[in-house]
Amino acid sequence: QVQLVESGGGLVQAGGSLRLSCAASGRTFSGYTMGWFRQAPGKEREFVAGITWSGGTTYYVDSVKGRFTISRDNAKNEVYLQMNSLKPEDTAVYYCAASGSDYSTSPSLYHYWGQGTQVTVSS
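Anyway, here's the lowdown on the structure attached to this text. Quick caveat, the model's predicted, so the values are computed rather than measured.

### So, the environment of threonine 57
As for its placement among the helices and strands, threonine 57 is situated in the loop between β5 (46-51) and β6 (58-60). Overall, threonine 57 belongs to the partly exposed group, its relative accessible area being 28%. With 46 residues separating them in the primary sequence, threonine 57 and tyrosine 103 have C-alpha atoms 8.5 Å apart. In this structure threonine 57 touches Gly50, Ile51, Thr52 and Tyr103, once residues within four positions along its chain are discounted.

Here it is as structure tokens:
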């Protein structure tokens, strides 16, 4: 089992920045690909960003490329999502998740999930 707890969400104006953190505990964190997803009201959960277990490869949904950066610190068992130039359409609950498969973008391939943190971007 891997337990995940997100933090860092909040209310920010368009153009602003937020940094989300996800703290992991339980089984070996460093062995998992980590991802960030988001879900807006009435919409399906959407992949946002992923990072392989070593941190050597990152990948993003097109809508956040150049604005969001995913990173991880395996020594601290944490993964982060730096979000810059935020837009109202980024408003959602953000979840971190752990997968045993590299380059996973489908929620079905992620086995462990946090409870989510709300990000609201005002126009």
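### Notes on the sheet that holds strand β3 (residues 18-26)
An order of β1-β3-β8-β7 is seen for the four strands of this open sheet, with the pairing classed as antiparallel. Only two strands of the sheet have a single partner each, and these edge strands are β1 (2-7) and β7 (68-73). Neighbouring strand axes in the sheet, compared pairwise and without regard to direction, differ in orientation by 15° on average. Judged from the six bridges that link them, β1 and β3 form a sheet pairing that is antiparallel. If you follow valine 2 over to β3, its bridge partner there is glycine 26.

### Some points on the pattern of salt bridges
In a structure, side chains of opposite charge can pair up when their charged atoms sit close to one another. This structure, assessed with the given rule, holds four salt bridges. The residue arginine 38 makes a salt bridge to aspartate 90 at a minimum N-O spacing of 2.9 Å. Here arginine 38, found in strand β4 (residues 33-39), pairs with aspartate 90, found in the loop between β8 (78-83) and β9 (92-99); they are 52 residues apart in sequence, far enough to count as distant. Relative accessible area serves as the criterion here: at 7%, arginine 38 is assigned to the buried category. Residue aspartate 90 is classed as buried on the basis of its relative accessible area of 1%. Two residues, aspartate 90 and arginine 67, come together in a salt bridge whose shortest N-O distance is 2.8 Å. Taken together, the residues span a long stretch of sequence, with aspartate 90 in the loop between β8 and β9 and arginine 67 in the loop between β6 and β7 at a distance of 23 residues. One exposure class covers both aspartate 90 and arginine 67, and it is buried.

### A look at the packing of aromatic side chains
For the structure on display, the rule yields eight aromatic pairs. Joined through ring pairs, the aromatic side chains of Phe37, Phe47, Tyr59, Tyr95, Tyr103, Tyr110 and Trp113 make up one cluster. One residue, arginine 45, lies across the ring of tyrosine 95, its end atom 3.8 Å from the ring centre.

### Considerations on the state of the cysteines
Enumeration according to the criterion identifies one disulfide in this entry. Note that cysteine 22 is cross-linked by a disulfide to cysteine 96, the S-S spacing being 1.9 Å. Sign of the S-S torsion, about 45° for the bond between cysteine 22 and cysteine 96, identifies this disulfide as right-handed. Taken together, the residues span a long stretch of sequence, with cysteine 22 in strand β3 and cysteine 96 in strand β9 at a distance of 74 residues. Classification of cysteine 22 as buried rests on a relative accessible area of 0%.

What counts, and where the lines are drawn
Residues numbered from 1 in each chain as written. Predicted model: local features only at pLDDT ≥ 70, side-chain atom pairs only at ≥ 80, totals over all residues. Heavy atoms only, no water. Helix = DSSP H or I, 4+ residues; strand = E, 2+ residues; numbered from the N terminus. Buried < 20%, exposed > 50% of the residue type's maximum accessible area, 1.4 Å probe, protein only. Contact = heavy atoms within 4.5 Å. Pairing = 2+ DSSP bridges. Axes fitted to C-alpha atoms, helices over the stretch in contact; angles between N-to-C directions. Salt bridge = Lys/Arg side-chain N within 4 Å of Asp/Glu carboxyl O. Phe/Tyr/Trp six-rings, centres within 6.5 Å; stacked < 30°, edge-to-face > 60°. Lys NZ or Arg CZ within 6 Å of the ring centre and 35° of its normal. Disulfide = S-S within 2.5 Å.

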